[in-house]
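# Secondary and tertiary structure notes
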Amino acid sequence: MPRWLPRGILLFWSGLVVLVVLRWLLGKTRGLLIVLLVSLFLSVAIEPGVNRLARRGWRRGSATGLVLIAVFLAFVVLVGAVGTLVGQQIADLLTNSERYVNQVVDFINDNFGQEINPEDVMDEINDPDGAVQRFIQSQADEALRLSVQFLGFLLQVLSVILFTFYLVADGPKLRRAICSRLPEDRQLRVLEAWNLAIEKTGGYLYSRGILAILSAFFHGIVFWILDLPASIALAIWVGIVSQFLPVIGTYLAGLLPVLVALVEDPTDVIVVLIAVVVYQQIENYLFLPRITARTLDLHPAVAFGSALFGAAILGAPGAILALPFAATLQAFAAQYGAHHDVIDDELTRAPPSRDRRRRWFRRDSA
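Here we summarise the structure given alongside this text. (Residues numbered from 1 in each chain as written. Predicted model: local features only at pLDDT ≥ 70, side-chain atom pairs only at ≥ 80, totals over all residues. Heavy atoms only, no water.)

### Remarks on the pattern of salt bridges
- The final tally for this structure, using the stated rule, is 2 salt bridges.
- Two residues, Arg 175 and Glu 47, come together in a salt bridge whose shortest N-O distance is 2.8 Å. Of the two residues, Arg 175 is situated in helix α8 (residues 171-179) and Glu 47 in helix α2 (residues 30-55); the sequence distance between them amounts to 128 residues.
- Arg 175 gets classed as buried once you look at its relative accessible area, which sits at 15%.
- Overall, the relative accessible area of 4% leaves Glu 47 in the buried class.
- Overlapping salt bridges, with partners in common, bring together Glu 47, Arg 60 and Arg 175 in one network. (Salt bridge = Lys/Arg side-chain N within 4 Å of Asp/Glu carboxyl O. Helix = DSSP H or I, 4+ residues; strand = E, 2+ residues; numbered from the N terminus. Buried < 20%, exposed > 50% of the residue type's maximum accessible area, 1.4 Å probe, protein only.)

### A look at a negative patch on the surface
- A surface patch of like charges, here negative, comprises Glu 98, Glu 119, Asp 120, Asp 123 and Glu 124.
- Relative to the helices and strands, Asp 120 resides in helix α5 (residues 118-126).
- Using a relative accessible area of 47% as the deciding quantity, one classes Asp 120 as partly exposed. (Patch = residues over 30% accessible without salt bridge, like charges linked within 9 Å, V, L, I, M, F, W, Y side chains within 5 Å. Areas by Shrake-Rupley, 256 points an atom, 1.4 Å probe, with all protein chains shown as cover. Lys, Arg positive; Asp, Glu negative; His and termini not counted. Charge placed at Lys NZ, Arg CZ, Asp CG, Glu CD.)

### Details of the environment of Val 258
- Along the chain, the position of Val 258 falls in helix α11 (residues 249-264).
- Residues Val 258 and Leu 273 lie 15 residues apart in sequence; the distance between their C-alpha atoms is 7.3 Å.
- Apart from residues no more than four positions distant in its own chain, Val 258 is found in contact with Val 269, Val 272 and Leu 273. (Contact = heavy atoms within 4.5 Å.)

Right under this line is the structure:
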């Protein structure tokens, strides 16, 4: 037997035991890891605002508390507005179910050549042994479980706020403790990387926040003209979901106002769909290039792939956290490493910009 064989067997089984223990620990502490990651990215996002207040004479703890309170209030307003909207729509649907069923059936019969009897549909809905009533009864038992999950969610939100407060308020102390263990050249690299992460992550979230406000303003006007219920809440929902969920966020955000319009007046659904598509084009060609010119923008494929990767690891929180993480990695890749001139080839030749295309179009027209 070779001398290294017993040691190799021992190292193999020791490594296997360590991996099993680490997997068990990750499974048990998954919720805590999500809270810590959310707190870390939130602290990086709000630190530029806290640093600005601190430079104006604010105590760092007071500045951190003020920014966190503003973020928490915005979150509560969003959840409350969307929750109120959903509750109102459910209550209105249950109260006026017959009128809505008649409207939908008439719309289908008039536009698709069907001959559906509204009374048959209402009898199916009110049948105690029917699929609709069975579904409603099955959901009644979920109220307690949803209440417990909501309390757990509130506890996680409070934990995130607490961890974020200490990470930002004691940020200089934390960085001093880390740098005290490193030589001077390493300290400079750590601080440069930290500052780059704060700048790019904060800039990414800042640009997305501006785009969300513009989107909410545009869609709020459209929903107000259509006289949709809770038009402000719907507009806020569309603005936030469309900006912070990559690629599919626009379609998921437009789903709720489409359902509300379908309940109120089916003919408004077409107007809502047109408004969502038109604004998406305006944003892509007008707002997005100008707002992200000074911050950081992610390629749609990178954003979508990052969201899928984050969702596969941490679920819904991972899909959202993956975006600023990918933006930070893109910033590091652009900041560090060698850059070379690209050869002129058909596969690498970039198309002309929109301004140049406009000039060529005017020249050809002349």
